[in-house]
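Tertiary structure, described
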2 protein chains.
Amino acid sequence: MYLSSSVETRSFRELCADHGLTATHQRQVLYEVMQTMPGHPSPEEVYARVKKRIPAISLATVYKNIHLFVERGVLKEVSMHHGSLRVELNSHLHHHMVCSHCKAITDIEEKDLGVLPALQRLPGGFQVERYAIDVIGICAACQKTKRS
Amino acid sequence: MYLSSSVETRSFRELCADHGLTATHQRQVLYEVMQTMPGHPSPEEVYARVKKRIPAISLATVYKNIHLFVERGVLKEVSMHHGSLRVELNSHLHHHMVCSHCKAITDIEEKDLGVLPALQRLPGGFQVERYAIDVIGICAACQKTKRS
DNA sequence: CTAGTAAACGATAATTATTATCGTTCGTCA
DNA sequence: TGACGAACGATAATAATTATCGTTTACTAG
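Predicted, not measured: the structure shown is a model, and the values here were computed from it. (Residues numbered from 1 in each chain as written. Chains lettered and ligands numbered in written order. Predicted model: local features only at pLDDT ≥ 70, side-chain atom pairs only at ≥ 80, totals over all residues. Heavy atoms only, no water.)

Observations concerning the protein's contact with DNA strand D
Neighbouring residues of DNA strand D: 23 residues in total, closest A:Thr24, A:Gln26, A:Thr61, B:Tyr63 and B:His67. Taking the atoms of DNA strand D that fall within 4 Å of the protein, sugar and phosphate contribute 81% of them. Note that a phosphate oxygen of DNA strand D is positioned 3.2 Å from one of the side-chain N or O atoms of A:Asn65. Here B:His67 contributes a side-chain N or O atom positioned 2.6 Å from a phosphate oxygen of DNA strand D. When residues of the surface near DNA strand D are traced back to their parent elements, those giving at least two are α2 (25-35) and α4 (59-72) of chain A together with α4 (59-72) of chain B. (Near = heavy atom within 4 Å. Polar contact = N/O pair within 3.5 Å; in protein donor to acceptor, adjacent residues only side chain to side chain. Helix = DSSP H or I, 4+ residues; strand = E, 2+ residues; numbered from the N terminus.)

Structural data, given as structure tokens:
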């Protein structure tokens with residue numbers, strides 16, 4: 001298995017170089033497939049698509065590369081994923097700061113966020129219940145620990 | 001097993017009545033335990049605490065009641081949970097509308113949200129990477145389907 | 001206060017999602 | 001081209017969640 005040398009390939013190799021990734025055929029197909037999936041696919045859905053072009057690919061490879069891509073900023077996860085459901089009492093209005101490194105969740109008061117989005121007419125007759133804002137970044141502890 | 005008739009119990013029964021739930025001992029303890037957990041506990045963590053007061057309780061009961069409480073608005077989930085990881089290409093700035101009924105995710109442009117939160121000094125030296133805003137509500141399709 | 005009935009419970013099997021392991025193959029660089 | 005670490009594929013293992021089902025409980029009417 002080898003990489004072709006088309007224009008698309010060249011730019012994919014650049015993308016990998018920019019993000020410190022080695023360029024493999026699997027990663028290229030995964031990336032190209034993602035470009036054809038405008039929604040918010042799950043790993044299984046991505047796997048199904050990639051499998052059409054690389055029938056021998058392993059689901060584990062898809063998972064590993066999705067995580068790598070997210071880590072390096074090529075992909076992002078749609079809502080923060082904490083491994084398990086997290087709940088809280090539905091009391092006063094507040095939002096969350098989530099550490100993208102250690103996944104720790106801290107409350108933040110709505111007023112500390114500054115100006116809030118105004119409730120407007122939203123597309124498609126969507127009936128708004130509430131906003132949930134995640135401020136994603138690196139917590140103080142992980143900043144000290146340096147580098148991921 | 002029976003319910004005591006303390007003041008706390010009376011208000012818990014009211015809470016259940018308000019949310020259309022039958023008042024059971026397990027639910028009362030679950031609710032009281034949640035009041036002592038200010039963070040963002042997982043079902044397992046809640047289970048561990050509840051088990052101290054009701055050693056015979058089943059993990060399944062904790063899951064079932066957490067879901068019920070979330071459904072009826074007594075609890076809320078910290079980040080939307082889609083059953084599996086969801087990813088998207090990290091392209092232009094946008095956020096998401098999430099249907100709390102069918103969990104469908106739709107993109108929404110940042111400008112369509114109205115005013116955005118201003119980046120301010122955040123508590124604890126948290127270094128912000130980005131905001132992720134979920135507009136939670138009921139999508140048009142689920143509004144037609146009426147009532148959950 | 002007691003019986004009837006639907007809802008809730010507990011135990012546990014089953015399912016889903018994700019991660020770890022490990023022997024083989026590939027990509028990079030000298 | 002050859003060495004070596006990274007990535008891959010297969011698959012076992014783990015973690016999280018849900019389904020099933022027989023028993024018990026809460027609510028209502030009498």
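Let's talk about the pairing of strand β5 (residues 127-138) of chain A
As judged from the four bridges shared by strand β3 (residues 94-99) of chain A and β5(A), these two strands associate in the parallel manner. Counterpart to A:Val98 in the pairing with β5(A) is A:Ile136. (Pairing = 2+ DSSP bridges.)

Points about the side chain of A:Arg27
Note on placement: A:Arg27 falls in helix α2. Of the side chains with opposite charge, A:Glu71 comes closest to the buried, unpaired A:Arg27, at an N-O distance of 9.8 Å. (Buried < 20%, exposed > 50% of the residue type's maximum accessible area, 1.4 Å probe, protein only. Lys, Arg positive; Asp, Glu negative; His and termini not counted. Salt bridge = Lys/Arg side-chain N within 4 Å of Asp/Glu carboxyl O.)

Details of the relation of the copies chain A and chain B
Superposing chain A onto chain B takes a rotation of 180° plus a shift of 0.0 Å along the axis, which leaves an RMSD of 0.1 Å. The transformation relating the two chain copies, once decomposed into turn and shift, fits a two-fold axis. For chain A, the minimum C-alpha distance to the rotation axis belongs to A:Ile133 and amounts to 2.3 Å. Most of the interface of chain A is mirrored in chain B, where 100% of its interface residues again form contacts. (Least-squares fit on C-alpha atoms with pLDDT ≥ 70 in both. Contact = heavy atoms within 4.5 Å.)

A closer look at the protein's contact with DNA strand C
The environment of DNA strand C is made up of 23 residues, and the closest members are A:Tyr63, A:His67, B:Thr24, B:Gln26 and B:Thr61. Counting only atoms of DNA strand C within 4 Å of the protein, the sugar-phosphate share comes to 79%. Here a phosphate oxygen of DNA strand C sits 3.3 Å away from a polar atom, N or O, in the main chain of B:Ala56. The separation between a phosphate oxygen of DNA strand C and a polar main-chain atom of B:Leu85 is 2.9 Å. Split into classes, the residues belonging to the surface near DNA strand C amount to ten nonpolar, ten polar and three charged. (Nonpolar A, V, L, I, M, F, W, Y, C, P; charged D, E, K, R; others polar.)

A short note on the interface of chain A and chain B
Each partner contributes residues to the interface: chain A has 66 residues there, and chain B has 67 residues. Each partner contributes to the roughly 6400 Å² buried at the junction of chain A and chain B, and carbon and sulfur atoms together form 59% of this total. On the chain A side of the contact with chain B, A:Lys76, A:Leu85 and A:Val87 bury the most area, a combined 13% of that side's loss. Taken together, chain A and chain B are joined by 25 residue pairs in polar contact (both at pLDDT 80 or more). For the side of chain A that touches chain B, the elements supplying multiple residues, two or more each, are α2, α4, β1 (75-77), β2 (87-89), β3, β4 (105-109), β5 and α5 (140-145) of chain A. Within the side of chain A that touches chain B, the residues separate by chemical class into 36 nonpolar, 21 polar and nine charged. (Buried area = accessible area lost by both parts, 1.4 Å probe.)

Read these as spatial facts, not as claims about activity.
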